[in-house]
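# Chain and residue survey
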Amino acid sequence: AEIGLRARLLKEKEGTWLPTTTVSMELGLPVGDPLEEIGLKQEGYGWGIQLSKHLEQKKIPGDLFMHVNLGFEVIPNVKQHNEGQAASKPHDLREFSYGSGLVWQPDAHWSLFAEFFGEIEEEIKLNRRRSDQEITLLPAISFRDEFAEKVEWELGAGFPIGLADANDWGFIVKLKLEM
C-alpha cells in the first residue's frame with residue numbers, strides 16, 4: 001500500500017514553453033507476505049516529478065496533452081526470506097521509474113490515453129542485490145466530474161500490456177479524489 005502527496009510547483013501558462021510541473025512524495029506501508037512474493041515487511045519512501053504540456057493543435061476536437069514522469073523509491077533494510085533458512089543480510093533496494101504518455105480529452109469529463117512506462121527494480125537473489133527492468137504500454141480511459149464544487153473525482157480503467165519482463169497483460173481500476 002502506498003500513501004502519496006503531490007504538489008504543483010508550476011502551472012503552464014498559455015503561449016509559453018514551460019510545462020506544468022508537479023512533484024510527489026510517497027510512503028510505502030508494510031503489507032503482504034514476502035514469502036508469497038506479495039508486498040514487503042518494511043516501509044519504503046520515494047519521490048517523483050511529472051512534467052505535463054498542452055499540445056496546441058486544431059485537427060481533432062478537444063485537448064491533447066503529453067506528459068513525462070521520473071521517479072525514485074528506496075526500501076531500506078530488505079532481507080531475503082527463504083523458508084527454513086536464516087534471512088539474508090539487509091540491503092537497501094532502489095527502484096527507478098520513468099514514463100511518457102499522450103492524453104486526449106474530447107470534453108471536460110472523458111480522457112483517453114496511452115502511456116509507456118518502465119521500472120528498473122532491485123531485488124535480492126542468492127543474497128545479492130540485482131536489478132530487473134519492466135516496460136509496459138497502458139491504453140486506458142477515465143471519466144472525471146466534481147461534486148460540491150470543491151471535490152473532483154476520477155474513475156479510470158486500463159489494460160496494461162507487458163513489453164519487456166513485465167506481466168503479459170493486466171487490468172487496472174483507479175479512483176482518485178482531489179479536494
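Anything mentioned here points back to the structure above.
Quick caveat: nothing in here was measured; it's all calculated off a predicted structure.

## A word on the pattern of salt bridges
Counted according to the given criterion, the structure contains five salt bridges. We note a salt bridge from Lys53 to Glu12, for which the minimum N-O separation is 3.0 Å. Residue Lys53 is located in strand S5 (residues 44-55), and its partner Glu12 is located in the loop between strand S1 (2-10) and strand S2 (20-28); the two are separated by 41 residues in the primary sequence. A salt bridge links Glu154 to Arg144; the shortest N-O distance between them is 3.6 Å. Taken together, the positions of Glu154 in strand S10 (residues 151-158) and Arg144 in strand S9 (residues 128-147) put the pair 10 residues apart, joining distant regions of the chain. We classify Arg144 as buried; its relative accessible area is 17%. When salt bridges that share partners are traced, they join Arg144, Glu152 and Glu154 into one network.

## Comments concerning the side chain of Glu154
Judged by relative accessible area, Glu154 falls into the buried class, the value being 10%. A polar contact of 2.9 Å, which involves the side chain of Glu154, links it to the side chain of Ser142.

About the criteria used
Residues numbered from 1 in each chain as written. Predicted model: local features only at pLDDT ≥ 70, side-chain atom pairs only at ≥ 80, totals over all residues. Heavy atoms only, no water. Salt bridge = Lys/Arg side-chain N within 4 Å of Asp/Glu carboxyl O. Helix = DSSP H or I, 4+ residues; strand = E, 2+ residues; numbered from the N terminus. Buried < 20%, exposed > 50% of the residue type's maximum accessible area, 1.4 Å probe, protein only. Polar contact = N/O pair within 3.5 Å; in protein donor to acceptor, adjacent residues only side chain to side chain.

By themselves, these are just geometric observations and shouldn't be taken as functional.
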